[in-house]
Amino acid sequence: YILCHGVYSWVPDVVKAHILSIAKANLEPNGVAYVSYNTYPGWRMRSMLRDMMSFHSERFESPKEKVAQARGLLGFLGQAVTTQGGIYGAFLKQEVETFKHLSDHYLYHEYLEEVNEPTYFFEFSQRAQSHGLQYLGESDFGSMSASNFPREVELTLQRVAPNLIQMEQYMDFLRN
């Protein structure tokens, strides 16, 4: 087993390629590499928050100041943006509530690091394949079944997704 948790999205492309090369070079024929990364489409809206927090906190020096300023900006946005007339305000309110429960360390690493480049599942799969690796499954194996969706959705997924990679990507689209 090779574990690469909390690294892949936060390093430049050359390092990402090296991570996959290391996995290929060191795995046994039936070995498993677990690589976590931030995934689109879910990270699209969170990237927006990351951009805002980075913009606001970039002029501060220490990680502690940056985190405090990022939290302050989120609090301001959560109070100032109305929930009437659109999903933006509702999204901000929900995220502000979520951020209250995140540790400072996690917020800094996840949202204020210099590099944080989410990717679509199918793109990660293509990159892994280009290094001689193949997708095995999700860490939550049960989430891989289209039968978790209503029957009409499951049938549509079976029609539009001719292979496992496409099925997983479409399910990511549905789950955000």
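Placed above this text is the structure.
About the thresholds
Per chain, the residues get numbers from 1 upward, laid out in the order the sequence is written. Two thresholds apply to this predicted model, a pLDDT of at least 70 for residue-level local features and 80 or more for giving and counting side-chain atom pairs, whereas whole-chain, interface and lining totals are computed over all residues. In computing side-chain properties, one takes all heavy atoms of the structure into account and sets aside hydrogens as well as water. Ring geometry is summarised as follows: Phe, Tyr and Trp rings, the Trp one being its six-membered ring, pair when their centres sit within 6.5 Å, and such pairs are stacked at plane angles under 30 degrees, edge-to-face over 60 and tilted between the two. Think of it this way: any DSSP run of H or I at least four residues long counts as a helix, any run of E at least two long counts as a strand, and we number them from the N terminus. A ring is scored as having a charge over it whenever the NZ atom of a lysine or the CZ atom of an arginine sits within 6 Å of its centre and within 35 degrees of its normal. Each reported salt bridge corresponds to a side-chain nitrogen of Lys or Arg within 4 Å of a carboxyl oxygen of Asp or Glu. Only protein chains enter the area calculation, which uses a 1.4 Å probe; residues under 20% of their type maximum are buried, those over 50% are exposed, and those in between are partly exposed.

**Focus on the packing of aromatic side chains**
Enumeration over the complete set of coordinates arrives at ten aromatic pairs. Taking 6.2 Å as the distance between ring centres and 80° as the angle between the ring planes, the aromatic pair formed by Y120 and F173 counts as edge-to-face. Of this pair, Y120 sits in strand β4 (residues 119–120) while F173 sits in helix α8 (residues 164–175), and the two are 53 residues apart along the sequence. An aromatic cluster is built from Y40, Y120, F122, Y170 and F173, whose rings are joined through pairwise contacts. Geometry around Y8 places K16 over its ring, the cationic atom sitting 5.7 Å from the centre.

**Looking at the pattern of salt bridges**
All told, the structure shown has seven salt bridges when counted by the stated rule. The residue D104 makes a salt bridge to R71 at a minimum N-O spacing of 3.0 Å. Taken together, the residues D104 in helix α5 (residues 104–112) and R71 in helix α3 (residues 63–80) connect sequence positions 33 residues apart. Using a relative accessible area of 25% as the deciding quantity, one classes R71 as partly exposed. The shortest N-O distance in the salt bridge between K100 and E97 comes to 3.2 Å. With K100 and E97 both in helix α4 (residues 87–100) and three residues apart, this pair spans about one turn of that helix. With a relative accessible area of 39%, E97 lands in the partly exposed category. The network of salt bridges with shared partners includes D13, K16 and E117.

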